[in-house]
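Report on the structure
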Amino acid sequence: MTARSLLAALLLLSACQPGPGGEERRTRFIMGTLVEIHLPAGQPRGHDDAVNLAFGEMARLEEMMSPHRPDSLLSLINQNAGGPFTPAPAEFIEVVRRGLGWGKLTKGTFRLSLGPVVALWHFEDPEPGPPPAGKTLTRALDLVDDAAIEIRDGQIRLGKAGMKLDLGAIGKGYAVDRALAVLAGAGVKNALVNAGGDLAVLGRPAAGKAWRVGLQHPRKPESLIAAFDAEDIAVATSGDYQRYYIHGGVRYHHILDPVTGMPSMGLTSATIVTANTADADALATAVFVLGRKKGLELIESLENVEGMVVDASGAVAFSTGFRRLPGFEFMGL
Ligand code: AMP
Ligand code: MG
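Attention here is on the structure that accompanies the text. (Residues numbered from 1 in each chain as written. Chains lettered and ligands numbered in written order. Predicted model: local features only at pLDDT ≥ 70, side-chain atom pairs only at ≥ 80, totals over all residues. Heavy atoms only, no water.)

1. Regarding the overall build of the chain
Assigned secondary structure in the chain consists of nine helices and 16 strands. Its C-alpha atoms give the chain a radius of gyration of 19 Å, within 12% of the compact-globule value 20 Å for 333 residues. Overall size of the chain, expressed as C-alpha extent along the three principal axes, is 55 × 45 × 40 Å. Out of the 333 residues in the chain, the part that is buried amounts to 55%. (Helix = DSSP H or I, 4+ residues; strand = E, 2+ residues; numbered from the N terminus. Rg over C-alpha atoms; globule rule 2.2 N^0.38 Å. Buried < 20%, exposed > 50% of the residue type's maximum accessible area, 1.4 Å probe, protein only.)

Right, here's the structure in full:
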């Protein structure tokens, strides 16, 4: 973790802010971001154990899905690319299946097999240097092929040597869903889990109140563009300000266009509100790459999905139902 990415992670804290109300907040650094669990004030003691279990669940999923840990299941599958099938638990296969589904629906805008290209970008390095180009980039792009991800009962295989699975655009959302399920399973009725802007809620912060979610301005972290009340809902944001570096005066960020392998230009942030965080996470990334027009068209074509996009010129656009979210407020840019 570099000083810059730590700063970025801290800024992400304000990506979605629950409203005032004296809630209790616990934090832990997981999946490269500061994860917050909010509970209403005055929780029973047992809820501490539930919170620890929820953080533990997210850390377990990070161990499984991290590309940075050589011993993760993801790394093992990648090492076996072009070789044998690797046994994988049902939850891992479920995340892959869902990701592949979003890939098909978005006609390849969302690509779980983007790993070889992602690996060429060194967003974590203090001095990442010039962006990848030429043959290095072309070779990596040639290995991006979701159709070559093979799944058979309890096993997974990448068809070509050098292929790499990357769950960076969906794994965090899935982990938030699991954390919420663990909290609920342990008897917690009211909570908000926020992993750097990918968040989901249970219940409410106090009787008659709802968890308030604010959406951060992509260029002014201290300002909010819009806010709404979250009830039984998940939210995820993909932004060009979340992980990036500047080289030669150009901002290179981590959301990549699978056609070019370069950061997707056009939008500065895309937010999705839907029933679960895994889908919100995947869709936020996909909509970011699709851009304003196609992204909003995709959102409108899906049931129970709303979205907000901010484009590079600073214009904000909402899907038709977004403004009908309870307590919706638009502060503008
Ligand atoms: P998110 O922050 O959810 O938008 O996810 C961004 C992360 O997902 C990146 O750090 C990459 O690991 C991966 N990624 C980048 N571009 C794509 C894409 N077009 N499709 C799928 N995964 C991507
Ligand atoms: Mg995502």
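2. Looking at the pattern of salt bridges
A complete count under the given rule lists 19 salt bridges for this structure. A salt bridge links Asp229 to Arg212; its shortest N-O distance comes to 2.9 Å. One end of the pair, Asp229, is in strand β9 (residues 224-230); the other, Arg212, is in strand β8 (residues 211-216), with 17 residues separating them in the sequence. Salt bridges here are not isolated pairs; linked through shared partners, they connect Glu57, Arg60, Glu91 and Arg178. (Salt bridge = Lys/Arg side-chain N within 4 Å of Asp/Glu carboxyl O.)

3. A word on the pairing of β9
The side chains of a regular strand alternate between both faces of the sheet. The element β9 is largely enclosed, with a buried count of five among its seven residues. Strand direction decides the pairing type here: β8 and β9, joined by six bridges, are antiparallel. Across the sheet, Arg212 pairs through a bridge with Asp229, a residue of β9. Pairing of β9 with strand β16 (residues 329-330), which is carried by two bridges, proceeds in the antiparallel orientation. Within β16, the position partnered with Ala226 by the bridge is Phe330. (Pairing = 2+ DSSP bridges.)

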